[in-house]
Amino acid sequence: MQTSPAHVAHHNDREIETLEEFDATVSARGALTGFRVQAVDLTDRTRELLASDTAGAVFLGCAMRENAAAKIRADGALVFPPLPDVPFDPYRGHLYTPDELFGSLDKGYEATPDAVAYDWFQQTRADGDIYASMLRSIHDDAVSDALDELLRGARVVGVMGGHAIARGTEAYGGAARLGRALARAGFTVATGGGPGAMEAANLGAYAAPYRDGMLDEACEVLAKAPSFVPSVTDWARAAFDVRERWPKGNTSVGIPTWFYGHEPPNAFASHIAKYFANATREDGLLARSNAGVVFLPGAAGTVQEIFDNTTPNYYESRGEPTPMVLVDRAHWTERLPAWPLLQALARDRSMESRITLVDRIEEAPEALDRLSRVNET
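Residues numbered from 1 in each chain as written. Predicted model: local features only at pLDDT ≥ 70, side-chain atom pairs only at ≥ 80, totals over all residues. Heavy atoms only, no water.

A.B. asks: Would you explain the environment of K224 in this entry?
C.D. replies: Relative to the assigned elements, K224 resides in the loop between α9 (213-222) and α10 (232-245). For K224, a relative accessible area of 72% puts it in the exposed group. Remark: the alpha-carbon pair of K224 and I138, spanning 86 residues in sequence, is separated by 39 Å. (Helix = DSSP H or I, 4+ residues; strand = E, 2+ residues; numbered from the N terminus. Buried < 20%, exposed > 50% of the residue type's maximum accessible area, 1.4 Å probe, protein only.)

Take a look at the structure:
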């Protein structure tokens, strides 16, 4: 079963994010009054811009000829011009794709837009430049807007877990099978978008339309480059080898951050919401996991995510508590005893019936289903 959040994507009626939408709006209305045109190349639409009323419109990062820009400014439109010296589009209307972030991978990871954006981030963060921090904020807000449009109406399950799980291990295979089971059950899988358990869950979702044996074969291909250390280039190339061999994968979402620049995004999430601000990214990932979250074994980052998710469930600040499934009893009761604290917090609250601890990753989909039905009886 193939599920695509794109099938249910709608955006604000006043937002124009493609040339097709621009043409349809001008054709139907003859005016762009009050519209927001976001990162659309309007270089070949001078005639339409000169002939349309654009009062109150906002143009965010749209390339256009100077006479068109002068005319629409005179109409009273706001024009935020494209920024040619910045290595990303702060006004972008859509999420990233793996092909976009890993463009120029044949020249090595250092040449990719992903790596170049991280270098810019490092440099401008050190400078403390207000202009750069403003651009990062605009970018992250545009990414959140695109993510909301993509996921509207989707049932999203978050899968959290450590970046250190190597390809070729049983833990990696288990996380991949979990992602596949969730996607086949009609959920949109969302992860932190990085390597390890996150990549495995996105890979599993990607593998959902294929026969079961495909996932084992894909894991064998990937195991030749088990980690993004020492070479991100080799690690990423192995993923693109899998995608070329099986090109019709299912959709899923990755939500990574340039804050952890040493950690590249994985190439199996079809839609990548990459942020500069990690706090925005963490909150965005958990807030959008409306059908629950599965927590695989991890370290400090995963512990933080457990309690970031607990707080709104405890106070019901986002409405009814959502399911939380922790996987691996020994890990969460002995090595990092987050489960006893979670249980203590949940006691006598409505979230108590929405949390569970399971031993094996294979039990997670059924546990999620059971917790989501608690109020139906």
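A.B. asks: Help me out: how do you make sense of helix α5 (residues 113-127) in this one?
C.D. replies: Helical geometry note: an α-helix holds 3.6 residues per turn, so side chains three or four residues apart project in the same direction. The end-to-end C-alpha distance of α5 is 21 Å, a good match for the 21 Å that 15 residues give at a rise of 1.5 Å each. Looking at the packing, one finds that the buried side of α5 touches α4 (98-101) and α6 (130-151). Looking at the residues trailing α5, positive phi occurs at G128, about 65 degrees. (Expected span 1.5 Å × (residues − 1). Contact = heavy atoms within 4.5 Å.)

A.B. asks: For this particular structure, what's the right way to read the environment of A28?
C.D. replies: Within the fold, A28 resides in helix α1 (residues 19-29). The spacing of A28 and G284 is 256 residues in sequence and 36 Å in space, taken between C-alpha atoms.

A.B. asks: Whenever I open this one, unusual backbone geometry confuses me. Can you help?
C.D. replies: In terms of backbone geometry, most residues other than glycine have negative phi values and most peptide bonds are trans. Geometrically, the link from V229 to P230 is a cis peptide bond, its omega value of 5 degrees lying close to zero. Here P230 is to be found in the loop between α9 and α10. Even without being a glycine, S104 presents a positive backbone phi close to 70 degrees. Along the chain, the position of S104 falls in the loop between α4 and α5. The class of S104 is partly exposed, set by a relative accessible area of 33%.

A.B. asks: Honestly, the sheet that holds strand β6 (residues 188-191) in this entry has me stumped. Any pointers?
C.D. replies: Strand-to-strand pairing in sheets goes through backbone hydrogen bonds, with the strands running parallel or antiparallel. Judged by pairing direction, the sheet is parallel, and its seven strands sit side by side in the order β8-β7-β6-β5-β9-β10-β11 without closing on themselves. What marks the edges here is a single partner per strand, and that holds for β8 (271-272) and β11 (355-358). Where strand β7 (residues 253-254) meets β8, two bridges bridge the pair, whose relative direction is parallel. Bridge pairing links V253 to H271 in β8. (Pairing = 2+ DSSP bridges.)

A.B. asks: Help me out: how do you make sense of the packing of aromatic side chains in this one?
C.D. replies: Both the distance between ring centres and the angle between the ring planes are used here to describe each pair of aromatic rings. This model, assessed by the stated rule, comprises 13 aromatic pairs. Both rings, one in F228 and one in W235, keep their centres 6.2 Å apart while their planes meet at 70 degrees; by these two values the pair is edge-to-face. With respect to class, F228 is no different from W235; both count as buried. Chaining the aromatic ring pairs together yields one cluster made of F88, Y96, W120, F121, W258 and F276. The residue whose ring lies beneath R92 is Y96, and the NZ or CZ to ring-centre distance is 3.7 Å. Above the face of the F187 ring, R155 is positioned so that its terminal group lies 4.5 Å from the ring centre. (Phe/Tyr/Trp six-rings, centres within 6.5 Å; stacked < 30°, edge-to-face > 60°. Lys NZ or Arg CZ within 6 Å of the ring centre and 35° of its normal.)

A.B. asks: Even after reading the chapter, I still don't get the pattern of salt bridges, so can you show me in this structure?
C.D. replies: Opposite charge on two side chains permits them to pair, given that their charged atoms come into close proximity. The full count for this structure, using the stated rule, is 25 salt bridges. Salt-bridge contacts for E362 lead to R177; the nearest nitrogen and oxygen are separated by 3.6 Å. Of the two residues, E362 sits in the loop between β11 and α15 (364-372) while R177 sits in helix α7 (residues 170-184), which places them 185 residues apart along the sequence. By relative accessible area, E362 is classed as partly exposed at 43%. Residue R177 is classed as partly exposed on the basis of its relative accessible area of 29%. The shortest N-O distance in the salt bridge between R360 and E363 comes to 3.9 Å. Residue classification places R360 among the partly exposed residues on the basis of a relative accessible area of 47%. Of the residues examined, E363 reaches a relative accessible area of 29% and is grouped as partly exposed. Through salt bridges with shared partners, one network takes in E170, R177, R360, E362 and E363. (Salt bridge = Lys/Arg side-chain N within 4 Å of Asp/Glu carboxyl O.)

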